[in-house]
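# Topology and contacts: notes
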Amino acid sequence: MGWWRPSRRASGGSKARARGVAGRRDPFRRERPARTRGAVARLTGLRPRLGDGPRPEFRERLRAELMRAHAAERTAGRHAAPPAAGPPRPRPRRSPLVRLRPLLVFCVLLAGMFGTGVRTYHSVPGEVLYPLKRLAESTVLDLAYSEEELAKREMVAARQRAAETASLVGTSAPGSRRLIAQTLDDMESTTRSALSRVARRGQTSGDARKFAREQHNLVEPLLPKLDQENRDKANQYLSYIDSFTGSGR
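These lines cover the structure that appears in this document, whether it is placed above or below. (Residues numbered from 1 in each chain as written. Predicted model: local features only at pLDDT ≥ 70, side-chain atom pairs only at ≥ 80, totals over all residues. Heavy atoms only, no water.)

### Some points on the overall build of the chain
Within the chain one finds 10 helices and 0 strands. The buried share among the 249 residues of the chain stands at 21%. For the chain, the exposed surface amounts to about 19900 Å²; the carbon and sulfur share of it is 58%. (Helix = DSSP H or I, 4+ residues; strand = E, 2+ residues; numbered from the N terminus. Buried < 20%, exposed > 50% of the residue type's maximum accessible area, 1.4 Å probe, protein only. Areas by Shrake-Rupley, 256 points an atom, 1.4 Å probe, with all protein chains shown as cover.)

Right, here's the structure in full:
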């Protein structure tokens, strides 16, 4: 019955093995050299002299400096902060002249354009705006939508040439004879173009007869004021329009 008891021999052997392992040295562990052991010993000896931390005087001085720096930063930030925004200022009211300036500019431009148009309409050959007048007149003729309408617009242009001739006759500017001759030529060509369109329909309308009488009354008083060359042109023009004043053509 004593076979189950642990063997003293076995337990004694395990203790011996443990003592042998504890007493055995690690072959990979190296001893520290003598120089390293001496440095560690010196540092260990300095620990009592250094104490546990900074001195209380140093701590107080550092704390005072930090508090002064913090107070200076707060003061600088308080001065740099923008002032509190007050109530919005009312916008200054603009004077009536400033408010009406766009309207005044528009009125001035409109008046200038109207004055330029009137001056262009009443311009005569030799003036600066006369080419603009003839350009506008040519555009109006090109926009005619029928032969009858074109004939009426050409009659209006012929009346303009007669009025321009009367204006040039009363002036003594140099080159007036040449300008009168050109105006008479333009008047005759425009009149022939208008009356020829009327004659194609086979019967002279009342507008054509009225136009011929008006032109005769405008040109005939100018004959004594014209030179010989321009007088011959005017007589030739009167002979042509007189054939349209009767009712037979």
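### Quick word on the side chain of Arg161
By the secondary structure assignment, Arg161 is in helix 7 (residues 147-169). In this structure Arg161 comes out as buried when scored by relative accessible area, which is 1%. A distance of 2.7 Å separates the side chain of Arg161 from the side chain of Glu137, its partner in a polar contact. (Polar contact = N/O pair within 3.5 Å; in protein donor to acceptor, adjacent residues only side chain to side chain.)

### Examining the nonpolar core
Membership of the largest hydrophobic core comes to 27 residues, with the highest contact counts inside it found for Met155 and Leu195. Elements with a contribution of two residues or more to this core: helix 7, helix 8 (176-199), helix 9 (206-219) and helix 10 (228-242). A per-element tally of this core places helix 8 first, with 7 residues. Setting aside residues up to four positions removed in sequence, Met155 forms contacts with Ala194, Leu195, Val198, Asp207, Ala208 and Phe211. (Core = buried A, V, L, I, M, F, W, Y, C linked by side-chain atoms within 4.5 Å. Contact = heavy atoms within 4.5 Å.)

### A look at the pattern of salt bridges
For the coordinates displayed, the defined rule picks out 13 salt bridges. The salt bridge involving Asp186 is made with Arg134; its shortest N-O contact spans 3.2 Å. Note that Asp186 is positioned in helix 8 and Arg134 in helix 6 (residues 130-142), a separation of 52 residues in sequence. In this structure Asp186 comes out as partly exposed when scored by relative accessible area, which is 27%. Members of the salt-bridge network, linked through shared partners, are Lys133, Arg134, Glu137, Arg161, Glu164 and Asp186. (Salt bridge = Lys/Arg side-chain N within 4 Å of Asp/Glu carboxyl O.)

### A short note on helix 6
Given a rise of 1.5 Å per residue, 13 residues ought to cover 18 Å, and the 19 Å separating the end C-alpha atoms of helix 6 matches this to within 8%. For helix 6, the set of buried residues is Tyr130, Lys133 and Glu137. Projected down its long axis, helix 6 carries its buried residues within an arc of 55°, all on one side. What points out from helix 6, more than 90 degrees from its buried face, is the exposed set Pro131, Leu135 and Asp142. Structurally, helix 6 contributes buried residues whose contacts are with helix 5 (101-121) and helix 7. (Expected span 1.5 Å × (residues − 1). Arc of directions from axis to C-beta.)

### A short note on a positive patch on the surface
Taken together, the side chains of Arg91, Arg93, Arg94 and Arg99 define a basic patch exposed on the protein surface. When you line up the elements, Arg93 lands in the loop between helix 3 (56-80) and helix 4 (96-99). (Patch = residues over 30% accessible without salt bridge, like charges linked within 9 Å, V, L, I, M, F, W, Y side chains within 5 Å. Lys, Arg positive; Asp, Glu negative; His and termini not counted. Charge placed at Lys NZ, Arg CZ, Asp CG, Glu CD.)

### Concerning the packing of helix 7 against helix 9
The contact between helix 7 and helix 9 brings their axes to 10 Å, and the two run at 5°. As the angle between them shows, helix 7 and helix 9 are arranged roughly parallel. The segment helix 7 lies against helix 9, with Lys152, Met155, Ala158, Arg159 and Ala162 engaging Asp207, Ala208, Phe211, Glu214, Gln215 and Leu218. Residue composition of the contact of helix 7 with helix 9, by class: 6 nonpolar, 1 polar and 4 charged. (Axes fitted to C-alpha atoms, helices over the stretch in contact; angles between N-to-C directions. Parallel < 35°, antiparallel > 145°, perpendicular 65-115°, else oblique. Nonpolar A, V, L, I, M, F, W, Y, C, P; charged D, E, K, R; others polar.)

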